[in-house]
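# Fold and contact review
Chain by chain, the residues:
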Amino acid sequence: MALNMSSFLTMPSRVLSVLPSPFLAPSLQLTSSPYSWRRRRPLATGCHLSPSSLKPVLGSLPPYVVNYEADIGARRMEDMKEKTREALYNAWDDERGAMEMIDTIERLGISYHFEDEISILLRRFYDQNAGSEDLFTTALRFRLLRQNRFPIHSDVFGKFIDTNGKFKECLTEDIWGMLSLHEASYLGSKNEEVLAEAKEFTRIHLIQSMPLMEPHFRHRVGRALELPRHLRMARLEARNYIDEFSRESNPNLALLELAKLDFDMVQSLHQKELAEIVRWWKQLGLVDKLEFARDRPMECFLWTVGIFPEPRHSSCRIELTKTIAVLLVIDDIYDSYGSMDDLLLFTDAVKRWDLGAMDQLPEYMKICYMALYNTTNEIAYRILREHGWSVVEDLKRTWMDISEAYLAEAQCFKGGYVPSLEEYLSNAITTGGTYMALVHAFFLMGQGVTKENMAMLEPYPNIFSCSGKILRLWDDLGTAREEQERGDNASSIECYKRERERELEMDDAVEDEACREHIRGLIQSLWVELNGELVASSALMPLSITKAAFNLSRTAQVIYQHGDDNKTTSVEDHVQALLFKPVSSNGHAQ
């Protein structure tokens, strides 16, 4: 799926003052994921934006004008934050009101401003008896607590079950309660049958009730049925909900203004981060020396915006983008350029992790090896300087594992071997880059890191594996059709199809759509397994890395779903909304 963005990606003038010259090129390609390992893909022309039709209005303003406007915005934000804090304090005696306000704050993407206040309220919700609450409040309480890893049990829904073990039919009259239960059901983990039943019960009855709903509420229910809150990418949800919230009959105006100011502020931060990344990428010079290499710093950055939505993780976004960009080039070497003899040499050099190993490499591999070695060591030095941990061994292990997994794939492809689905996934998690990305994220964020949970990184924890499988399966759903036409090696869809044909001893091929439906079912099951990490009593992983793993899975769906179903929003539109269209005074994108 080649996405040529030159025809639609319009950059606001305020971005021009921070973007360097590499952005003055014709197009942005998003052909495949930075975590994609496909073979013989067509080479990309670059990852660039075209501002040729724009007028650099802000860039021509005197600095004191820009700073004055920024100061006004900052003062307004502080005023709105103070009003919101007061509203949270005033909601202390109104539990449902407080829960709804927290939920709104989280949807608008501004909860990081109120972490202490929200934490106190969540602890209060957890400690108090919820026995007399209605369906809406019970489900909302459950969702807020579960997603923040409070040990709340699904038996809180027992009071809504009849003597036959089914949800009471009278609940269908409470449409808000049904929607709240539907959203909560997607946080269910393994063996929580009540939540699996709730998911199906609410889905059926919400669909039946939609024709009778008011248009605004019908739209809200439709979105929940298409993509529940738990599976949405945080920054995109904030952007979309600002529009939705502004159209409500009586929105909290302080919250709305704060959300708009905050979104534009964070968007501006992302533009500056992107400019820094492009400068680094140009100085690295990989694509100048290696004509076959993909030139996609922006595509790589989009992933990190999804993984780290909070502004405080700016350096995490920048550093992880660097690793993904280098991964893309290594991926191209294994996929489309290197001979098998060269790949053996490169794999051995990565395992040795020594600059002396470069001597054995062909010229085109030397610069890539040096870029990998230097970038990894620089990130390790940054972590040592900021957090005090020596992590070179941890980081380089992820690259050793990736190179060995790439080599195994190349050997399978050369030999014409199609693995079983299980074999495929066990290797594809590694080649997809998930382990590398999340290990780097773990140390770059630096929150809650201890010797105990550092030891849990080897072997990689199950939460990383689940997230990696979800990413890989979405990748295959989004890209398999085109890659199959190009003769690339087997995707999960092809592996499953071959497997079923062997099991059934069929002469005719298994239908492609049936295989896709099976893969979608696997993704749903993996989400249930991933949710188990929110309820594990012995969970030692910091909440920050748990959220990063969940966010990586959510971002994969955003990147690839349009390739599986072209009726969903395109990646082009997501990029525009996230990075280049500020929120205007009326709440809609400019």
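All figures in this text were calculated on a predicted structure; none of them were measured in a lab.

All right, on to the environment of D103 then. As for its position among the elements, D103 is in helix α3 (residues 95-107). Classification of D103 by relative accessible area gives buried; the value is 8%. Apart from the residues lying within four places of it in its own chain, the contact partners of D103 are L140, R143, L144 and R229.

When pLDDT is averaged along the protein chain, the result is 85, and 83% of the positions lie at 70 or above. When the criterion is pLDDT under 50, residues 1-68 qualifies, and its contacts beyond four places in sequence or with other chains add up to 194 contacts. In this model, residues 585-590 is a region of pLDDT below 50 whose contacts with residues beyond four sequence positions or in other chains number 19 contacts.

Before going further, it helps to spend a moment on the nonpolar core. Counting 171 residues, the largest nonpolar core has F157, I330, F346, W399, F443 and I545 as its most contacted members. When residues of this core are assigned to their parent elements, the largest contribution, 12 residues, is made by helix α13 (residues 314-337). Setting aside anything within four residues of it in sequence, one finds I330 in contact with F346, C368, L372, W399 and Y406.

Those residues of helix α17 (residues 421-431) not exposed but buried are L421, Y424, L425, A428, I429, T430 and T431. Backbone geometry just downstream of α17 places G433 in the positive-phi region, at approximately 90°.

A word on the pattern of salt bridges. For the structure shown, the criterion picks out 42 salt bridges. R229 is paired through a salt bridge with D103; the nearest N and O atoms lie 2.8 Å apart. Here R229, found in the loop between α8 (215-226) and α9 (234-246), pairs with D103, found in helix α3; they are 126 residues apart in sequence, far enough to count as distant. Close ionic contact of R294 with D332 constitutes a salt bridge, the shortest N to O distance being 2.9 Å. Of this pair, R294 sits in the loop between α11 (286-289) and α12 (297-307) while D332 sits in helix α13, placing them 38 residues apart in sequence. In this structure R294 comes out as buried when scored by relative accessible area, which is 1%. Overall, D332 belongs to the buried group, its relative accessible area being 0%. Taken together, the shared-partner salt bridges in this structure form one network comprising D103, R107, R143, R220, R223, R229, R232, E237, E244 and E248.

Moving on to the packing of aromatic side chains. One pass over the full model with this rule turns up 18 aromatic pairs. Measuring from centroid to centroid gives 6.4 Å for Y369 and Y373, while their planes differ by 25°, and the two rings are stacked. Pair noted here: Y369 and Y373 are both in helix α15 (residues 363-387), with a separation of four residues, about one helical turn. Judged by its relative accessible area of 18%, Y373 falls in the buried class. In textbook terms, an aromatic cluster arises when at least three aromatic residues are bridged by ring pairs, as seen for Y334, F346, W353, Y369, Y373 and Y406. Seen from the ring of F263, R239 lies directly overhead, with NZ or CZ sitting 5.7 Å from the centre.

Reading the values: the criteria
- Residues numbered from 1 in each chain as written.
- Predicted model: local features only at pLDDT ≥ 70, side-chain atom pairs only at ≥ 80, totals over all residues.
- Heavy atoms only, no water.
- Helix = DSSP H or I, 4+ residues; strand = E, 2+ residues; numbered from the N terminus.
- Buried < 20%, exposed > 50% of the residue type's maximum accessible area, 1.4 Å probe, protein only.
- Contact = heavy atoms within 4.5 Å.
- pLDDT = per-residue confidence, 0-100.
- Core = buried A, V, L, I, M, F, W, Y, C linked by side-chain atoms within 4.5 Å.
- Salt bridge = Lys/Arg side-chain N within 4 Å of Asp/Glu carboxyl O.
- Phe/Tyr/Trp six-rings, centres within 6.5 Å; stacked < 30°, edge-to-face > 60°.
- Lys NZ or Arg CZ within 6 Å of the ring centre and 35° of its normal.

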